[in-house]
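Spelled out, the chains give:
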Amino acid sequence: MDDYANPWLHRLKWGYLLLVVLTLMTPVFYVMYVSFNANGFGANAYDFTWEWYRLVFSDELLLGALRWTLMLAVTVTVIAVPMALLAAKHYKATRNKLFPVFLLLAPLFVPPDILGSALLVFFKNLNLSLIWLGDQLGTSIFDSWFRLSFLTAVIGLIIYTIPYSFIVILITMGRYRPEQTEAARACGANGWRAFWDIEFPQIRPGVLSACAFTVILVFNEYTRTSLLKGGFDTFTTVLISQMLNTGMSPQSYAMSAMVSFVAIALIGSIILWTLIRAETLSRVARAKAEPVMS
Amino acid sequence: MTKTPAPAVELRGLAKHYGDVVALTDVDLSIAAGEYFVLLGPSGGGKTTLLRTIGGFHRPTKGEVLLHGQEVGHLPPDKRPTTMVFQAYALFPHMSVTQNVGYGLKVAGMDKAQAAEKTAAALEMVGLDTFADRRPHELSGGQQQRVQLARAFVLDRDILLLDEPLAALDAQLRKDMCLELKHLQEKVGITFIHVTHNQEEAMTVADRIALIANGRLVEHGAARDIYRAPQKAFTASFVGENNLLSGRVTETAGQTARIDVGGTALRVDRRGQQVQTGQDVTLSIRSESVALDTAPDTEEDGTSLVGSYNEAVYLGLTTSHLVHLPDGTEMVSRVIADQDDMMPAAGAPVRLSWQPDAIRLHVE
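In this text the structure is predicted, and so the values were computed from the model without any measurement.

(A) Examining the overall build of chain B more closely. From N to C terminus, chain B includes eight helices and 20 strands. C-alpha extents for chain B along the principal axes are approximately 80 × 45 × 45 Å. Within chain B, contacts between residues at least 6 apart in sequence are counted, and of these 65% link residues at least 24 apart. Accessible area of chain B: about 16,600 Å², with a carbon and sulfur share of 49%.

Written out as structure tokens, the structure reads:
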């Protein structure tokens, strides 16, 4: 039955959708709500304040963690998204698709603590092997290559985020017709120029979404980052260690709320931008599609 | 002494394999500059592979591709003096018609004013100057193909490859575009190499046609010769509406061979082909060359067969009369519909006859 014929069925569907969204988002909204309460969590009185945010931004440890998180996010995005793009291009071109897709998506199916600890053991052993190699060659140049550090955290996070970027980019690439690249080549463009002028503008929304996704994943990731990082902290590792050591403080709520604000702002901007762009394009198309009177 | 100009395209021993699959084998072909050449054949026969190998989209497994005498087998598409029109979906959807047409000039680094002038001229040539600001999705299928043509012409390359350019268009538009293509080729004077599986389209545009099937070049020649005097049985089966008859040579005398077809002896001109008594051969005769007679009680004359009338298929301009021979072979006699004044009853005995030079012998 057409659900528009029965307005109650239609409303029920929307009501259900709203319920799902509320179930998912209520804890997030509640944390945001608490983060502005001068009296903290569980207090009867609600007095609005920016104090907890001011404290977050005046705390050198937290600001340092924020800087490290941003550096991690940017570095991982800059490396992982182009890698995922290349992988998606290869996947579209290859005939045997099963093996590459298994390799690329495998990290999604390995629990984070297992993957994190496996990489931890791998880097430790690799580090020991390189130290031994250095000793044999009489040099200490290899000693710190794979000591737990920013590099090891970046590698772990790249492995974690690539499958997501790959899928997001692949979905956008699905609509792209390879004949267009060939047409560009036939017009004199070399392979890179054909990609940059013709293919990239059409898959750009996917690449931008993959970037946003990667930034959010890096911001939120705890297990792999805490196992693989060296002597620095990220926003999430500080937040969770605070919760484990001293319990949630109003400052912790402010930090959690900030991570959520960043994520929602990023995703919201992409959705809005896509909607506005689609609407503008269709308006322009409608205007141009008027009959030509000549 | 004047030097003969090199052909626009020359293929020598060309082969393309995908693992064990042979897409093309032993193709030797020469296409003159300024010629409208059509690669005709069934789907999956290798004609598009051949076109794409000329254009640089496939690297040949064996053999050479020479364009104007230069070996280009190792060069990518953008380094060849060719450009291409694709079947569909090949316009850049994020660019306007003008940007699409001017793209190659932009890549070549041409001055903007000059590029704009050339683009406008190319759009005018294909009759789309009033559509310059539209996006591809705002154009009809025929208009989109015209944009592709303008995008190709604007580059001043002297070999244009067309890969089933009309396949996505409806029948009437395809007919119109065929003539338009032919006229455009005559106007610009460059070499067109056009791939199609549609014989009517091929006949309309081609100076010469090459038949490609099963990865092989079956036969090539002037469009009229391919239709009227096919050398190979495959050509006869693919081009025009030919009746194919299997028979066995019973006697040869001078240029004439006597062939037994289902117990009836037919006389056929050998046209220089060597045949031996007892050899199995194929005969072909175009359906419009076969006359239908309702009085079959005449003697065997070597240029007719007797069968039983089956049915008539009215096709507008023509009517096809279907006749079953005693061995089960079906033959067709096609006549102009308005001249169709006889309609035997189903199962009635009829005689199918033809002029002696209308039947052709194929020995391969």
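The rest of the description comes next.
(B) Expanded view of the interface of chain B and chain A. Listed as interface residues are 31 residues of chain B and, on the opposing side, 25 residues of chain A. With both sides pooled, the region where chain B packs onto chain A buries about 2,300 Å², and carbon together with sulfur makes up 59% of that total. When the buried surface of chain B facing chain A is broken down by residue, D78, Y89 and Y103 of chain B rank first, second and third, together holding 23% of it. Here R185 of chain A and D78 of chain B are joined by a salt bridge, their closest N and O atoms 2.6 Å apart. Seen at the junction of chain B and chain A, the total is six residue pairs in polar contact (both at pLDDT 80 or more). In terms of residue count, the dominant contributor to the side of chain B that touches chain A is helix 2 (residues 97-107) of chain B (four residues).

(C) Quick look at the side chain of D78 of chain B. Within the secondary structure layout, D78 of chain B lies in the loop between strand 5 (70-71) and strand 6 (82-85). A relative accessible area of 11% places D78 of chain B in the buried class. In terms of polar contacts, D78 of chain B uses its side chain to reach the side chain of R185 of chain A, at 2.6 Å.

(D) Fine view of a negative patch on the surface. Residue and element names in this part refer to chain B. Together, D260, E299, E300 and D301 give the surface a local cluster of negative charge. With respect to the helices, strands and loops of the structure, D301 is situated in the loop between strand 15 (291-293) and strand 16 (304-314). Overall, the relative accessible area of 35% leaves D301 in the partly exposed class.

(E) Focus on the environment of Y160 of chain A. Residues and elements named next belong to chain A. Note on placement: Y160 falls in helix 6 (residues 150-173). Residue Y160 is classed as buried on the basis of its relative accessible area, which comes to 12%. Separated by 65 residues in sequence, Y160 and T225 have C-alpha atoms that sit 10 Å apart. Not counting chain neighbours up to four residues away, the residues in contact with Y160 comprise L217, E221 and R224.

(F) Highlighting the sheet that holds strand 4 (residues 62-67) of chain B. Residue and element names in this part refer to chain B. The antiparallel open sheet is built from four strands, whose spatial order is 2-1-4-5. Each of the sheet's edge strands pairs with one partner strand only, and the pair in question is strand 2 (21-31) and strand 5. In this structure, strand 1 (residues 9-18) lies alongside strand 2, joined through seven bridges in antiparallel fashion. Its bridge partner lying in strand 2, V9 is registered against I31.

About the criteria used
- Residues numbered from 1 in each chain as written.
- Chains lettered and ligands numbered in written order.
- Predicted model: local features only at pLDDT ≥ 70, side-chain atom pairs only at ≥ 80, totals over all residues.
- Heavy atoms only, no water.
- Helix = DSSP H or I, 4+ residues; strand = E, 2+ residues; numbered from the N terminus.
- Contact = heavy atoms within 4.5 Å.
- Areas by Shrake-Rupley, 256 points an atom, 1.4 Å probe, with all protein chains shown as cover.
- Buried area = accessible area lost by both parts, 1.4 Å probe.
- Salt bridge = Lys/Arg side-chain N within 4 Å of Asp/Glu carboxyl O.
- Polar contact = N/O pair within 3.5 Å; in protein donor to acceptor, adjacent residues only side chain to side chain.
- Buried < 20%, exposed > 50% of the residue type's maximum accessible area, 1.4 Å probe, protein only.
- Patch = residues over 30% accessible without salt bridge, like charges linked within 9 Å, V, L, I, M, F, W, Y side chains within 5 Å.
- Lys, Arg positive; Asp, Glu negative; His and termini not counted.
- Charge placed at Lys NZ, Arg CZ, Asp CG, Glu CD.
- Pairing = 2+ DSSP bridges.

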